[in-house]
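These are the residues of each chain, in order.
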Amino acid sequence: MGFARTCSVALVGVEGVVVEVQADLEPGVAAFTLVGLPDKSLTESRDRVRSAVVNSGGAWPQKKLTVGLSPASVPKAGSGFDLAVACAVLGAAERIDPRVLADVVMIGELGLDGRVRPVRGILPAVLAAADAGYEQVVVPECAAAEASLVPGMSVLGVRSLRQLVAVLADEPVPEEPADEQGRPDPLLGGLRLPGTGAPTGLHGRDAVQPDRGRHLADLADLADVVGQAAARTAVEVAAAGGHHLFLEGPPGAGKTMLAERLPTILPPLGRQESLEVTAVHSVAGLLPPGRPLIDEAPYCAPHHSATLQSLVGGGPGIARPGAVSLAHRGVLFLDETPEFGSRALDALRQPLEAGHVVIARSAGVVRFPARFLMVLAANPCPCGRSSRRDTSCECPPSAVRRYQARLSGPLLDRVDLRVEVEPVGRAELTQRGAGGESTATVADRVRAARERAAARFDGTPWRTNSEVPGRELRSRWHAEPGALDDAERSLERGMLTARGLDRVLRVAWTVADLVGHDRPDTTDVALALQLRTGVPRGVPMAIGARA
């Protein structure tokens, strides 16, 4: 009897479970049995592994073969177990010393010719292996850079099963012929499924950044936005404090331009944040080739026809991350928000508050991170022409009310900033000279404000003002005496809810961080109230003029 074991990883969402792959050979009629709750693609690994071993020059054992995936109670899916199954079988057949395999984690799909193909979710799988105490991992060669992001892990990237067997058996490693130059690498096919990401709108940022050699800020500058002082201030405050934003105005006023430029003024992601974002995109199969680590805030703009599952995650079989998770630590832009389904919009309430989304299935519960900055954009009426300047709107009042009622009160109550975007006039479009502040100037101010907030919240689980509970703001960090009087009166008059008062206080702290105040004063709170309610308070809207 021959026995060998090695390890692989089963992914449940962005969390992994280390699976022990055991192979047992017994005398009897030649057969291959795979047990341990495998799905269809994993069951088919029997044929892939057999062909890969034979085409790699190995001998397939003509005995009764049983491969077990332990723990057997955890569902396993995908083709990433192929490499571990093949090595366990070869170890049981004594082609490889079983003792060498015991403490090695192997992740990769096998082609029929023995080449090792990449799979989605390499980074979260290696993170799970590191958390379980493993120090050695074998991955496809083209995914080695992604696996190397995990500190303390010894990563071996292989291009074929022959190379891996030679390394494990301490034999000369054969050279694999390189693919022809100028042709797409077929091994990268496992990293991206056809159509993946199209319903989430992740390609919207690629459209803004067609030249990969240039930074996004060079192509989408805030200085391109004509006028819109109030909206520019709201975008800056949203970036500095992580506050959600609602832009309402007629078509062509610049709502989409402002939303597309919001990621350019966000600070670069920290190390832990980059790993979180990269893990989600790796599971979704959206990592750009040659870019194993995402260090910039993602931008996701789903179309208004997006379904509930594509927004919050789910789908048939194993749940996949939705747009709210793909926008984790970045911007989720919902253009033409009233055109989205009401169920899909109301489903955003829970991730807006919790920072994650939980999807329940019969096979288990999946949890995806979803701490994003949401930007909503809507027209004032169905035709879009209703404004103080334009009187050509012919929508009846009942149609306007129905249109605006598609955004529920509980959802809008979770939005900190609400700004009316006015149409741009001829004089603003044709004027010459200096326009608004550039992305670089605003980004520096946002970075400084975030540093002030991070210093204030040192030793706490929060990093931005939008994350701090209102009770903590009122009890631990106090505004100047009398600064909140106007906000409290608005609460008594019914213009603000209790949640709205807390959000005004959070925005006021962000304004104070932007202008360099130690704590919010009356002017900071007045600007926060104006951004929340839209009612003029007689304060200047430009942050740069006050900083």
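For the structure itself, look to the data block above.
Quick notes on the rules
Residues numbered from 1 in each chain as written. Predicted model: local features only at pLDDT ≥ 70, side-chain atom pairs only at ≥ 80, totals over all residues. Heavy atoms only, no water. Helix = DSSP H or I, 4+ residues; strand = E, 2+ residues; numbered from the N terminus. Buried < 20%, exposed > 50% of the residue type's maximum accessible area, 1.4 Å probe, protein only. Contact = heavy atoms within 4.5 Å. Areas by Shrake-Rupley, 256 points an atom, 1.4 Å probe, with all protein chains shown as cover. Pairing = 2+ DSSP bridges. Salt bridge = Lys/Arg side-chain N within 4 Å of Asp/Glu carboxyl O. Expected span 1.5 Å × (residues − 1). Core = buried A, V, L, I, M, F, W, Y, C linked by side-chain atoms within 4.5 Å. Phe/Tyr/Trp six-rings, centres within 6.5 Å; stacked < 30°, edge-to-face > 60°. Lys NZ or Arg CZ within 6 Å of the ring centre and 35° of its normal. Axes fitted to C-alpha atoms, helices over the stretch in contact; angles between N-to-C directions. Parallel < 35°, antiparallel > 145°, perpendicular 65-115°, else oblique. Left-handed = near helix turned anticlockwise from the far one by under 90°. Nonpolar A, V, L, I, M, F, W, Y, C, P; charged D, E, K, R; others polar.

**Some words on the overall build of the protein**
Then step 1. Tallying secondary structure elements over the protein gives 25 helices and 16 strands in all.
Then step 2. Counting only residues that meet the buried cut, the protein has 51% of its 547 residues in that class.
Then step 3. Considering only residue pairs separated by 6 or more positions, the protein has 71% of its internal contacts joining residues 24 or more positions apart.
Then step 4. As displayed, the protein has an accessible area near 24000 Å², and 50% of this comes from carbon and sulfur atoms.

**A look at the sheet that holds strand S12 (residues 331-334)**
Then step 1. The strand order across the open sheet built from 5 strands is S11-S12-S15-S10-S16, with neighbouring strands paired in parallel fashion. For this open sheet the edge positions go to strand S11 (299-300) and strand S16 (417-420), each flanked by a neighbour on one side alone.
Then step 2. For S12 and strand S15 (residues 373-378), the ladder comprises 4 bridges, and the chain directions are parallel. Each residue of the ladder has a partner; that of Leu332, found in S15, is Met374.

**Some thoughts on the pattern of salt bridges**
Then step 1. If you walk through the whole model with that rule in mind, you get 27 salt bridges.
Then step 2. For Glu353, the salt bridge is made with Arg499, and the minimal N-O distance between the two is 3.7 Å. Separated by 146 residues along the polypeptide, Glu353 in helix H16 (residues 349-354) and Arg499 in helix H23 (residues 498-515) bring together distant segments of the chain.
Then step 3. Residue classification places Glu353 among the partly exposed positions, given a relative accessible area of 40%.
Then step 4. Measuring nitrogen to oxygen at the nearest pair gives 2.2 Å for the salt bridge that ties Arg474 to Asp502. With a gap of 28 residues between them, Arg474 in helix H21 (residues 470-476) and Asp502 in helix H23 connect regions that are remote in the sequence.
Then step 5. In this structure Arg474 comes out as partly exposed when scored by relative accessible area, which is 44%.
Then step 6. Residues joined in a network through salt bridges with shared partners are Glu353, Asp413, Arg414, Asp416, Arg499, Arg503 and Arg532.

**As for helix H10 (residues 229-241)**
Then step 1. Helix length check: H10 (13 residues) gives 18 Å between terminal C-alpha atoms against 18 Å at 1.5 Å per residue, within 8%.
Then step 2. Of all 13 residues in H10, 11 are buried, a share of seventy percent or more.
Then step 3. Taken residue by residue, H10 has Ala231, Arg232, Thr233, Ala234, Val235, Glu236, Val237, Ala238, Ala239, Ala240 and Gly241 as its buried positions.
Then step 4. The positive-phi residue at the C-terminal boundary of H10 is Gly242, with phi of around 70 degrees.

**What to know about the pairing of strand S10 (residues 245-248)**
Then step 1. Summarising the sheet, S10 and S15 pair through 4 bridges and their orientation is parallel. By the bridge assignment for S15, Leu245 is matched with Val375.
Then step 2. As paired elements, S10 and S16 share 4 bridges and run parallel to each other. Paired with Leu247 across the bridge in S16 is Val419.

**Here we look at the nonpolar core**
Then step 1. Counting 50 residues, the largest nonpolar core has Val237, Leu245, Leu247, Leu262, Ile265, Val375 and Leu531 as the members making the most contacts within it.
Then step 2. In contact with Val237, not counting residues within four places along its chain, are Gly242, His243, Leu417, Val507, Thr510, Val511, Leu514, Leu531 and Ile543.
Then step 3. Listed in part, the 38 residues of the second largest apolar core include Leu34, Val49, Leu69 and Leu101.

**Details of the packing of aromatic side chains**
Then step 1. This structure, assessed with the given rule, holds 3 aromatic pairs.
Then step 2. With centroids separated by 5.6 Å and ring planes inclined at 40 degrees, the aromatic side chains of Phe32 and Trp60 adopt a geometry described as tilted. Of the two residues, Phe32 is situated in strand S3 (residues 31-35) and Trp60 in the loop between helix H2 (45-55) and strand S4 (64-70); the sequence distance between them amounts to 28 residues.
Then step 3. Given the relative accessible area of 9%, Phe32 is considered buried.
Then step 4. Ring geometry for Tyr299 versus Phe333: centroids 6.5 Å apart, planes at 25 degrees, classification stacked. Here the residue Tyr299 occupies a position in strand S11, and Phe333 occupies one in strand S12, the gap between them amounting to 34 residues.
Then step 5. On the accessibility criterion, Tyr299 (5% relative accessible area) is buried.
Then step 6. A cation over an aromatic ring shows up here: Arg456 above the ring of Phe457, its NZ or CZ 4.8 Å from the ring centre.

**Some details on the packing of H23 against helix H24 (residues 522-533)**
Then step 1. Contact geometry of H23 with H24 gives a least axis separation of 8 Å together with a crossing angle of 125 degrees. When the interaxial angle is binned, H23 and H24 end up oblique. At the point where H23 passes H24, the crossing takes the right-handed sense. On the side of H23, the interface is formed by Gly500, Arg503, Val504, Val507, Ala508, Val511, Ala512 and Val515, while H24 contributes Asp524, Val525, Leu527, Ala528, Leu529, Leu531 and Arg532.
Then step 2. In terms of residue class, the contact of H23 with H24 is made up of 11 nonpolar, 1 polar and 3 charged.

**Some words on unusual backbone geometry**
Then step 1. Here Ser70 and Pro71 are connected by a cis peptide whose omega angle stands at 10 degrees.
Then step 2. Residue position: Pro71 is located in the loop between S4 and helix H3 (82-92).
Then step 3. With a phi angle near 60 degrees, Asp170 is a residue other than glycine that sits in the positive phi range.
Then step 4. By secondary structure assignment, the location of Asp170 is in the loop between helix H7 (161-168) and helix H8 (203-208).
Then step 5. The phi dihedral of Glu336 is positive, around 50 degrees, even though this residue is not glycine.
Then step 6. You can see Glu336 is positioned in the loop between S12 and helix H15 (342-346).
Then step 7. For Glu336, a relative accessible area of 27% corresponds to the partly exposed category.

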